[in-house]
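# Analysis of the macromolecular model
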Amino acid sequence: MTARALAAPAAAPTHRVRELICTYRPLRDAEGRVVGTSTRILSAPSMAATALAPLIADQVVEVFGVACLSARFRLLAWHLVSRGTRSSTPVSLPDVFVPACLTPGTTCLIVVHNHPSGDPTPSWDDVALTKRLQAAGDILDLPLLDHLIVGDGDRYYSFREAGQIDARPLWPLTP
């Protein structure tokens, strides 16, 4: 036998196992105060706009967020997906759906972005993105309930109210 055959076998390379840990903490404003919403149940587009618009309305650039909801439309988590320029913000499908998939109990979602100009009228890009998000949500079994565009004051645009998102019997919640 050769010396090589008599030597101890080389140890197999080991790989570290990683664990993904998601933690949630209260959203805080610029002064460190916990941000609250007017309701935890978002059972209609107007309620969702009232609760979610204050989270992004005062931004001077476009921001895009996703609200993860339970089966009874309870707000579980808010994720800020992107921050852009005064006229646009980049959004990819994984940026929207990965946080939704990782938030326990999420069964549907609402996406929200602002228009710093104050006019919540959707652009062609907004319409195209909404169609892509709705198709992806259908594939992932995470329905897109609405895409809200927040303007100035209490102005908002709801793709569901405008009939641009399938009017499935998911929303609004009937008592």
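Described in the following lines is the structure provided in the data block. Owing to the predicted nature of the structure, the values given are computational and were not obtained by experimental measurement. (Residues numbered from 1 in each chain as written. Predicted model: local features only at pLDDT ≥ 70, side-chain atom pairs only at ≥ 80, totals over all residues. Heavy atoms only, no water.)

### A look at the pairing of strand S2 (residues 75-83)
The condition that has to hold: Here, a strand pair is defined by DSSP locating no fewer than two bridges between the strands. Numbering of helices and strands runs from the N terminus; a helix is a DSSP stretch of H or I covering at least four residues, while a strand is a stretch of E covering at least two.
Of the pairings in the sheet, the one linking strand S1 (residues 63-69) to S2 comprises seven bridges and is antiparallel in character. By the bridge assignment for S2, Cys 68 is matched with Ala 77. The antiparallel hairpin formed by S1 and S2 contains five residues in its connecting segment, where Phe 73 sits at a positive phi of about 65 degrees.

### Looking at the side chain of Thr 130
To keep things clear, this is the line we draw: Any N or O atom pair separated by 3.5 Å or less is treated as a polar contact, with the protein-specific requirement of one donor-capable and one acceptor-capable atom, and with residues adjacent in sequence counted only for side-chain atom pairs. The contact criterion used is simple: two residues touch if any of their non-hydrogen atoms lie within 4.5 Å.
As for its position among the elements, Thr 130 is in helix H4 (residues 124-140). Within the structure, Thr 130 has its side chain in polar contact with the backbone oxygen of Asp 126 (distance 2.7 Å). Contact partners of Thr 130, with chain neighbours within four places excluded, come to Leu 144, His 147, Phe 159 and Ile 165.

### Description of the sheet that holds S2
Sheets are built from strands paired through backbone hydrogen bonds, the pairs being either parallel or antiparallel. Stated precisely, the cut-off is as follows: Structural elements are reduced to axes, namely lines fitted to C-alpha atoms, with helices fitted over the stretch in contact, and the angle between N-to-C directions of any two is expressed from 0 to 180 degrees.
If you trace the five strands from one edge of the open sheet to the other, you get S2-S1-S3-S4-S5, paired in mixed fashion. On the outer flanks of this sheet lie S2 and strand S5 (156-158), each paired with one strand and no other. Across this sheet, the average inter-strand angle for adjacent strands is 20 degrees, counted without regard to direction. Note: S1 against strand S3 (residues 108-114), six bridges, orientation antiparallel. The residue of S3 that forms the bridge with Gly 65 is Val 112. Across the sheet, H4 touches S1, S3 and strand S4 (144-150), and the angle it forms with S4 is around 160 degrees.

### Some remarks on the pairing of S4
As a reminder of what qualifies: With a 1.4 Å probe rolled over the protein chains alone, any residue whose accessible area is under 20% of its type maximum counts as buried; one over 50% counts as exposed, and the rest are partly exposed. Throughout, right-handed denotes a crossover for which the path from the first strand over the helix to the second runs clockwise when the strands point away from the viewer.
Within S4, seven of the seven residues are buried, which leaves the element mostly enclosed by the surrounding structure. With six bridges connecting them, S3 and S4 associate as parallel partners. Among the inter-strand pairings, Leu 109 is bridged to a residue of S4, identified as Leu 144. Handedness of the crossover joining S3 and S4 through H4: right-handed. Pairing of S4 with S5, which is carried by three bridges, proceeds in the antiparallel orientation. Across the sheet, residue Leu 148 finds its bridge partner in S5, namely Ser 158. Between the end of S4 and the start of S5, which pair antiparallel, lie five residues, with Gly 153 showing a positive phi angle near 60 degrees.

### What about the pattern of salt bridges?
Pairing between side chains of opposite charge can happen when the charged atoms of each approach one another. Quick reminder of the rule: Salt bridge, as used here, is a side-chain nitrogen of Lys or Arg placed within 4 Å of a carboxyl oxygen of Asp or Glu.
If you walk through the whole model with that rule in mind, you get three salt bridges. Arg 155 is the salt-bridge partner of Asp 119, the closest N and O atoms lying 3.5 Å from each other. Remark: Arg 155 occurs in the loop between S4 and S5 and Asp 119 occurs in the loop between S3 and H4; sequence separation between them is 36 residues. Since its relative accessible area comes to 35%, Asp 119 is described here as partly exposed. Taking the relative accessible area as the measure of exposure, Arg 155 reaches 42% and is therefore partly exposed.

It is worth stressing that arrangement in space is one thing and function is another; only the former is reported here.
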